[in-house]
Amino acid sequence: MAHKDLHFTRNIGIMAHIDAGKTTTSERILYYTGLTHKIGETHDGSATMDWMEQEQERGITITSAATTTFWKYLGDMYKINLIDTPGHVDFTVEVERSLRVLDGAIATYCAVGGVEPQSETVWRQADKYKVPRIGYVNKMDRSGANFFEVVRQMKDVLGANPCPIVVPIGAEETFVGLVDLVKMKAIYWHDESLGADFDVTEIPADLEDEAQEWRDKMLEKVAEFDEVLMGKYFDDPSTITEEEVMRALRAATIKMEVVPMLCGSSFKNKGVQTLLDYACAFLPSPLDTENVVGVNPETGEEEDRKPSEDDKTCALAFKIATDPYVGRLTFFRVYSGKVASGSYIYNTRSNKKERVSRLFQMHSNKQNPVEAIGAGDIGAGVGFKDIHTGDTLCDEDFPIVLESMDFPEPVIGIAVEPKTQKDMDKLGTGLAKLAEEDPTFTVKTDQETGQTVISGMGELHLEVLIERLRVEFKVECNQGRPQVNYKEAVTKEIQLRETYKKQTGGRGKFADMIVKVGPVDEDFTKGGLQFVDEIKGGNIPKEFIPSVQKGFETAMKNGVLAGYPLDSLKVTLIDGSYHPVDSDQLSFEICAIQAYKKACEKAGPVLMEPMMKLEVVTPEESMGDVIGDLNKRRGQIEGMESSRSGARIVKAIVPLAEMFGYVTALRTISSGRATSSMVYSHHAPVSSSIAKQVLEEQNGRVDLV
């Protein structure tokens, strides 16, 4: 691929709240770019991008599908790598890892629903990965559609700087086209031709004033990003050319200072071609993004790689998927150099070389074989033995580690077992493959009961995974009731001395230490063990100190109340002694584990439960019942506001333990008119009466609460 071609590559994703029309928009993009000859629909289960059986059954997107397609814009052919991401909060990891490798995104909103809770989550994720965006207000044909109200909400709720570059012609059932404020022309779509035909005409007289007003606002916003334009704007705005506006809008979008706003109705095939044009015009190519920065694992120094095939190879694996035909697919984004089939690639996590057997450019769930995937491109490979999500792939002689992705901890678990004993192995294989694909899904065996416990981000998440076991791996499962993933913490600081002595026939074991154990400092934010070594004068030799740290780290996996893990702990090693013959690393590690157990019992251990951020959109008349029900569920109401459609929005923090089956209960309370969305917020201490109940069920140490 020639260097100049990268100017015409766009790695983009569609991000939005559930039901804003992401998949419908993706389907139209595939249709107009000529990849499909028939438009698939989410609601009748034929969408190309929602190719998993459960996605088709539920009408929602679960896995982000990656597709490569082409679009002709201003005489040049643009290559678009399109990733359709899910909107449901249980699959937030899919959005996170897609944004990590994208250069730009299309933030899609429903013209009626506006900025919804999950829109905020994905907006913050895109901010975190510095992904420039353009906005697309979909569903302009629905009653209650209001383009400019959504623009206002983006400003108020998201703190964004939206800049409308179109004005809708009509709204609701009279929505027929757009006024393009850059070209100052009107575009009308033909209903009968699946939107493939449209006319570009002069702006209708009754819209001229409004169009001029919004064009002035647009020019005022973008003039700051182009000095020539700024001068012309103050002298004579009528001399500003289309090219100058486009250049300034592109510069402002890439700097993430402005979000150009478009609108349309994907379902009615209106507005998608304009969206494609402006995605090519304003969203960055791989050459517009900053060089990717990583760390050299040998020197610890920061290094960067530029988006060129001439630079050293560097790629990031962002997704693992199991394909029924070719096996385990690894999706990756190449940042520099190229990955060629038949060559070797080095994985900095496992320190192993992997042979690249076959490479594909993906079209949803079909593959087109290719010889190489170059800088700035996204593709998939098969035949890799040990590559996980977030691994950096590079040249063995020039290693680099890109920042890995952080994934949230699972908050809910259920026990599963196969319906027949002979499916035991199949269940193990299926769960291992699913856990490989999804970093927020974990599988553990409960040591005491021998049960297999699977954990995930919510009830829907686990439901979908059990469904996938049935469909893809042909394993029918029995499942237990959902369990909350509790954690433990200590509330007081305790100092104690612990000695470990063992005399055997030969050499003995000896370790002795004085430690202070308690909650972490407030400024220690990363979680885990905060270990402070205050040993003076070699009372414990230096080589044994890491063993003390390791002992505490190992012990934190099991708390003293009921074996739940501790998220954070501060340990200060103050003093100790050793025996020149009997002391060794293992003795100090065992001594640390014993010290942990004794100290935690005295340090005011508490049970911590996951708290969820809940938003309920309810009609006014059900408001009292909804709040009463949340109070019964130990919820703390954080605020209430009115949505523009007259409904009320209730925001609350609620313990996950009280929220099983909430969707059904909410339907009953509101006669099916209220909706809710829930996302993990934090872990908080449980009151002692509830902690006692939980510990009794788990055969835990009730006496310590």
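Residues numbered from 1 in each chain as written. Predicted model: local features only at pLDDT ≥ 70, side-chain atom pairs only at ≥ 80, totals over all residues. Heavy atoms only, no water.

S.K.: Is there a simple way to think about the overall build of the chain in this case?
M.R.: Looking only at helices and strands, one finds 16 helices and 38 strands in the chain. A total of 705 residues make up the chain; the buried ones form 55% of that total. Within the chain, contacts between residues separated by at least 24 positions form 71% of all contacts whose residues are at least 6 apart in sequence. Carbon and sulfur atoms provide 49% of the accessible area of the chain, an area that totals close to 31000 Å². (Helix = DSSP H or I, 4+ residues; strand = E, 2+ residues; numbered from the N terminus. Buried < 20%, exposed > 50% of the residue type's maximum accessible area, 1.4 Å probe, protein only. Contact = heavy atoms within 4.5 Å. Areas by Shrake-Rupley, 256 points an atom, 1.4 Å probe, with all protein chains shown as cover.)

S.K.: Before we go on, may I ask you to explain the sheet that holds strand β10 (residues 198–201) in this structure?
M.R.: Strand pairing in a sheet relies on backbone hydrogen bonds. The paired strands run either parallel or antiparallel. Taken in spatial order, the four strands line up as β7-β8-β9-β10 in an open sheet, and their pairing is antiparallel. Each edge of the open sheet is held by one strand with a lone partner, namely β7 (166–169) and β10. Neighbour-to-neighbour, the strand axes of this sheet turn through a mean angle of 25°, independent of strand direction. Two strands pair when backbone bridges link them, and strand β9 (residues 185–189) and β10 are joined in this way by four bridges, in the antiparallel orientation. What sits directly across from Y188, in β10, is D199. (Pairing = 2+ DSSP bridges. Axes fitted to C-alpha atoms, helices over the stretch in contact; angles between N-to-C directions.)

S.K.: Explain the sheet that holds strand β32 (residues 509–518) to me, please; I cannot follow it from the model alone.
M.R.: Taken together, the four strands give an open sheet; going across it, the order is β31-β32-β34-β33, and neighbouring strands pair in mixed fashion. Each end of this open sheet is capped by a strand with a single partner; those strands are β31 (494–502) and β33 (528–533). Put simply, the sheet's adjacent strands are angled 30° from each other on average, direction ignored. The pairing of β33 with strand β34 (residues 568–577) spans six bridges and is classified as parallel. For F531, the partnering residue across the bridge sits in β34 and is V571. Along the sheet, helix α12 (residues 545–555) contacts β32, β33 and β34; its crossing angle with β33, the most-contacted strand, is approximately 150°. Helix-sheet contacts for helix α13 (residues 585–602) involve β31, β32 and β34, and the interaxial angle to β31 is about 140°.

S.K.: Looking at this structure, I do not really get the nonpolar core. What am I missing?
M.R.: A general trend in soluble globular proteins is that nonpolar side chains are found buried together. By size, the foremost hydrophobic cluster in this structure holds 98 residues, and its most contacted members are I106, W123, M154, M218 and L249. Ranked by residues supplied to this core, first place goes to helix α9 (residues 272–282) with eight residues. Inspection of this core shows a minimum of three residues originating in each of domain 1 (6–282) and domain 2 (292–402). Once residues within four sequence positions are removed from consideration, W123 is found in contact with M15, A107, Y109, R133, M154, L158, A160 and V259. In this structure, I540, A555, V560 and V571 belong to the second largest nonpolar core, which totals 60 residues. (Core = buried A, V, L, I, M, F, W, Y, C linked by side-chain atoms within 4.5 Å. Domains from an automatic or database assignment.)

S.K.: Would you take a moment to explain a negative patch on the surface for this structure?
M.R.: A contiguous patch of negative charge on the surface is contributed by D216, E220, E224 and E257. Among the structural elements, D216 can be located in helix α6 (residues 208–223). Judged by relative accessible area, which is 32%, D216 ranks as partly exposed. (Patch = residues over 30% accessible without salt bridge, like charges linked within 9 Å, V, L, I, M, F, W, Y side chains within 5 Å. Salt bridge = Lys/Arg side-chain N within 4 Å of Asp/Glu carboxyl O. Lys, Arg positive; Asp, Glu negative; His and termini not counted. Charge placed at Lys NZ, Arg CZ, Asp CG, Glu CD.)

S.K.: What is the right way to look at the packing of aromatic side chains in this model?
M.R.: Think of a pair of aromatic rings as described by two things: how far the centres are apart, and how the planes are tilted against each other in angle. Within this structure, the stated rule accounts for 10 aromatic pairs. Taking 6.2 Å as the distance between ring centres and 55° as the angle between the ring planes, the aromatic pair formed by F318 and F331 counts as tilted. In this pair, F318 is assigned in strand β14 (residues 314–323) and F331 in strand β15 (residues 327–336), connecting sequence segments 13 residues apart. The residues F318 and F331 share a single accessibility class, namely buried. A network of ring pairs unites the aromatic residues F8, Y73 and Y78 as a single cluster. A cation over a ring is seen here: K217 above W214, with NZ or CZ 4.0 Å from the ring centre. One Lys or Arg, K312, reaches over the ring of F398 and ends 4.7 Å from the middle of that ring. (Phe/Tyr/Trp six-rings, centres within 6.5 Å; stacked < 30°, edge-to-face > 60°. Lys NZ or Arg CZ within 6 Å of the ring centre and 35° of its normal.)

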